[in-house]
Amino acid sequence: MQGWGAVVALAAVVWVAGHWSVVWPVLVAVLGAAVVGGAGWALVGAHRRAVGRDRAWRAEEEARARELSMAEVDALSWQEFETYVAELCRRDGCTKVVVSGRSGDLGADVVGYLADGRKLVVQVKKYATQRSVSSQDMQKFVGTARLEHGADVALFVTTCRAFTKAALGLALRQNIVALHRDLLGSWVKGAHLETLIPLNGSGGGTGRRPPA
């Protein structure tokens, strides 16, 4: 068998030598295609890496811009922050917006109506950036937003970066819109409230119209 393989190999060499004028253009084309293909994959990889770096840079810039927009918010007192959130609601077309501004409001710091008539009830918590909204905070709001205040859309807004896992899970199950610092920063920068309602728990509601 080894002898037969040697004969076949020798015959192949002799054939190639005898037909070199036909064979060499094919070899050149195959090698060229391999080089071009390798270069193409290298370019694709480089492009993907560049796009990834660009996306990361844009995300960092967006986060930096949100933080800059939050600088004035951080300087507000909690009472001023409630008033500011009410102004954001009015900016985005909410009507009959009222700030309770008092203790014992049962979680309704800001109340108003969306442009489509749904009743909006907002709980506002001005917390330190590194703090998290607890499950207890969320439970209190869940217990009053709809039962006490008849909310169609219940919105929990905070200046801190996160809700605890339990708080966020409760918000999702109970259809509470949970706006942490980054989403609030987007709202402050000009994102419309209607685009934020589906995030971190969706709004929904019955479409109730405001009383005459």
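Attention here is on the structure that accompanies the text. Quick caveat, the model's predicted, so the values are computed rather than measured. (Residues numbered from 1 in each chain as written. Predicted model: local features only at pLDDT ≥ 70, side-chain atom pairs only at ≥ 80, totals over all residues. Heavy atoms only, no water.)

Re the overall build of the protein chain
Scanning the protein chain for helices and strands turns up 7 helices and 7 strands. When the elements of the protein chain are put in sequence order from the N terminus, they spell out α-α-α-β-β-β-β-α-β-β-α-β-α-α. Residues classed as buried in the protein chain amount to 35% of the 212 residues present. For the protein chain, long-range pairs separated by at least 24 residues make up 62% of all intrachain contacts whose partners lie at least 6 apart in sequence. Accessible surface computed for the protein chain: about 12400 Å², of which carbon and sulfur atoms make up 63%. (Helix = DSSP H or I, 4+ residues; strand = E, 2+ residues; numbered from the N terminus. Buried < 20%, exposed > 50% of the residue type's maximum accessible area, 1.4 Å probe, protein only. Contact = heavy atoms within 4.5 Å. Areas by Shrake-Rupley, 256 points an atom, 1.4 Å probe, with all protein chains shown as cover.)

Describing the sheet that holds strand S3 (residues 119–125)
If you walk across this open sheet you meet the 5 strands as S1-S2-S3-S5-S7, and the pairing is mixed. Here the strands that pair on one side only, and so sit at the sheet edges, are strand S1 (95–99) and strand S7 (176–179). When strand polarity is set aside, the average angle formed by the axes of neighbouring strands in this sheet is 15°. Relative to S7, strand S5 (residues 153–158) is paired through 4 bridges, and the arrangement is parallel. Bridged to Val 157 within S7 is Leu 179. (Pairing = 2+ DSSP bridges. Axes fitted to C-alpha atoms, helices over the stretch in contact; angles between N-to-C directions.)

A look at the packing of aromatic side chains
Here the structure, examined in full by the defined rule, presents 2 aromatic pairs. For the ring pair Phe 141 and Phe 156, a centre distance of 5.7 Å and an interplane angle of 80° mean the geometry is edge-to-face. Note that Phe 141 is positioned in helix H4 (residues 135–145) and Phe 156 in strand S5, a separation of 15 residues in sequence. Taking the relative accessible area as the measure of exposure, Phe 141 reaches 0% and is therefore buried. Overall, the relative accessible area of 0% leaves Phe 156 in the buried class. An aromatic cluster is defined as three or more aromatic residues linked by ring pairs; in this entry it consists of Phe 141, Phe 156 and Phe 163. Between the NZ or CZ atom of Arg 131 and the centre of the ring of Tyr 127, over which it lies, the distance is 3.7 Å. (Phe/Tyr/Trp six-rings, centres within 6.5 Å; stacked < 30°, edge-to-face > 60°. Lys NZ or Arg CZ within 6 Å of the ring centre and 35° of its normal.)

Considerations on the side chain of Thr 158
Here Thr 158 lies in strand S5. A distance of 3.2 Å separates a polar side-chain atom of Thr 158 from the backbone nitrogen of Cys 160. (Polar contact = N/O pair within 3.5 Å; in protein donor to acceptor, adjacent residues only side chain to side chain.)

A few points about the side chain of Thr 159
Its place among the elements puts Thr 159 in the loop between S5 and strand S6 (162–163). When sequence neighbours within four positions are dropped, the list of residues in contact with Thr 159 reads Met 70, Val 73, Phe 81, Lys 125, Lys 126, Tyr 127, Thr 129, Arg 181 and Leu 184.

A look at helix H5 (residues 165–173)
Restricting attention to buried positions, one finds in H5 the residues Ala 167, Gly 169, Leu 170 and Ala 171. Tucked inside the fold, the buried residues of H5 contact strand S4 (132–133), H4, S6 and S7. Trailing H5 by a residue or two, Asn 175 shows a phi angle of about 60°, which is positive.

Here's the deal with unusual backbone geometry
Although it is not a glycine, Lys 96 adopts a positive phi angle of roughly 50°. By the element assignment, Lys 96 lies in strand S1. Judged by relative accessible area, Lys 96 falls into the partly exposed class, the value being 49%. The backbone of Asn 175 sits at a positive phi, close to 60°, despite the residue not being glycine. With respect to the element layout, Asn 175 can be found in the loop between H5 and S7.

Observations concerning the pattern of salt bridges
Scanning the entire structure with this criterion turns up 6 salt bridges. Put simply, Asp 74 and Arg 181 hold a salt bridge, and the shortest N to O gap is 2.6 Å. One end of the pair, Asp 74, is in helix H2 (residues 20–74); the other, Arg 181, is in helix H6 (residues 181–189), and 107 residues separate them in sequence. Residue classification places Arg 181 among the buried positions, given a relative accessible area of 2%. (Salt bridge = Lys/Arg side-chain N within 4 Å of Asp/Glu carboxyl O.)

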